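Structure at a glance
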Amino acid sequence: MGTETPLKVPVIDFSNPELKPGTAEWDSVKGQVRRALQDYNCFEASFDKIPAELRGSLFRALQELFDLPLEAKIRNVSEIPYHGYFGHPLVPLFESLGFEDANIIEKVEDQTRALWPQGNSSFSKTIQTFTKQLSELDQMVRRMILESFNLEKYMDEHMDSTNYVFRTMKYNAPKTNEPKVGLGSHKDKDIITILHQMSEVDGLAVQNKDGEWIDVNFSKNSFLVIIGESLHAWLNGRLNATYHRVMMTGDKERYAVGLFSVPKAGYMIKAPEELVDEAHPLLYKPYDYVELLNFTYTEAGQVADTSALKVFCGV
Ligand SMILES: O=C(O)CCC(=O)C(=O)O
Ligand SMILES: [Fe+2]
């Protein structure tokens, strides 16, 4: 009672400069990734490729962004549900803005002008540079996952079928000692999400394969890799999407960011034939990610809640 060691998310080191496909180091990390995803549905990547100055600039950029008046923040809109502004008054503690194609400077500049009509080039540059650096981790992890299932032949198609959405998150302090929901338990609908915490205020928890909640303690070099439902569907259920939530206590706000690799509109997510057999019947009919998101906005989608994928295209 009270003496058990708290569960910890596995930490995997991605800092070795020798970490290149085909090396022994690569294969060792790939094995760790596969095991962690099987048992914990996620892992913490220790990744040192983001310079401290860039991290500092991003933190200042986030503060500048969330300090904008609400009438400016709600101009962060997208045709795709959940890709733009999300927050007050819908969810009390949480606010989030998104930048689509965040690795492409011109695209970020366009979206920045919606917030600052005169433009804000240092803001755009910071978001784009951070996305670009972090996308290296996204690509390494996805390459390892495909290799670990012997799906190399789908590598180019898989990589080319996604875009990057960069999301910024702020959670206001509830000013209580009792935990308050910042963001309720959910699974992301994308391929993978890489979460990073900017302020030293924890609150994120993830569920392992046994349904146990594990608190994530971030450090400056830690990036939490979680699985989205579209990867779960594409792998015909070989890996599970990660349930996660944010609980807030105390009087400090929490800032975080996430890099989402999202399937492109119009691309049909379809499990490769190698992953479908008698022991593993097809779980989901081919679907378009944007249509799945649109469905979650309908009444039926809201009722289905975390079962939306199954209701939408379950076999
Ligand atoms: O704030 C976090 O760490 C998690 C955010 C999240 O789960 C989301 O935006 O989907
Ligand atoms: Fe999420």
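So, here is what we can say about the structure in this document. (Residues numbered from 1 in each chain as written. Chains lettered and ligands numbered in written order. Predicted model: local features only at pLDDT ≥ 70, side-chain atom pairs only at ≥ 80, totals over all residues. Heavy atoms only, no water.)

1. Structural notes on the overall build of the chain
- Across its full length, the chain holds ten helices and 13 strands.
- Taking 20 Å as the expected radius of gyration for a compact globule of 315 residues, we find that the chain reaches 19 Å, a close match to that expectation.
- Seen along its three principal axes, the alpha-carbon backbone of the chain occupies a region of about 55 × 45 × 40 Å.
- Scored against the burial criterion, the 315 residues of the chain give a buried share of 51%.
- Here the chain has roughly 14,800 Å² of accessible surface; of this, 51% comes from carbon and sulfur atoms.
- If you average the places of the 33 positive and of the 45 negative side-chain charges in the chain, the two averages end up 2 Å apart. (Helix = DSSP H or I, 4+ residues; strand = E, 2+ residues; numbered from the N terminus. Rg over C-alpha atoms; globule rule 2.2 N^0.38 Å. Buried < 20%, exposed > 50% of the residue type's maximum accessible area, 1.4 Å probe, protein only. Areas by Shrake-Rupley, 256 points an atom, 1.4 Å probe, with all protein chains shown as cover. Lys, Arg positive; Asp, Glu negative; His and termini not counted. Charge placed at Lys NZ, Arg CZ, Asp CG, Glu CD.)

2. A short note on the pattern of salt bridges
- Considering all chains together, one arrives at twelve salt bridges under this definition.
- Residue D138 pairs with R142 through a salt bridge whose shortest N-O separation is 2.8 Å. Taken together, the positions of D138 and R142, both in helix α5 (residues 121–148) and four residues apart, correspond to about one turn of that helix.
- Given the relative accessible area of 1%, D138 is considered buried.
- Here R142 falls in the buried class, since its relative accessible area comes to 2%. (Salt bridge = Lys/Arg side-chain N within 4 Å of Asp/Glu carboxyl O.)

3. Details of the coordination of the iron ion (ligand 2)
- For the iron ion (ligand 2), the full set of protein donor atoms is H186 (NE2), D188 (OD) and H244 (NE2), at a range of 2.1 to 2.2 Å.
- Within one chain, the residues serving as donors to the iron ion (ligand 2) are arranged as H-x1-D-x55-H. Placement of the pair is H186 in strand β5 (residues 176–186) and H244 in strand β10 (residues 244–250), with a sequence separation of 58 residues.
- Classification of H186 as partly exposed rests on a relative accessible area of 21%. (Donors = N, O, S within 2.8 Å, 3.2 Å for Na, K, Ca; no water.)

4. Considerations on empty space enclosed by the protein
- Applying the stated criterion to the full structure yields three cavities of 30 Å³ or more.
- For the largest cavity, the calculated volume is near 60 Å³.
- Every residue lining the largest cavity is listed: H158, S161, T162, I191, S230, W234, P263, Y267 and I269.
- A breakdown of the residues in the lining of the largest cavity according to their chemical character gives five nonpolar, four polar and no charged.
- Approximately 50 Å³ is the volume found for the second largest cavity.
- Lining the second largest cavity are K8, V9, E44, D215, V216 and N217.
- Here the lining of the second largest cavity is built from residues that sort into two nonpolar, one polar and three charged. (1 Å grid on protein atoms, 1.4 Å probe; cavity = no way out; pocket = protein on both sides within 12 Å on 5 of 7 lines; lining within 4 Å. Points joined across faces, edges and corners; volume = space filled by probe spheres on them. Nonpolar A, V, L, I, M, F, W, Y, C, P; charged D, E, K, R; others polar.)

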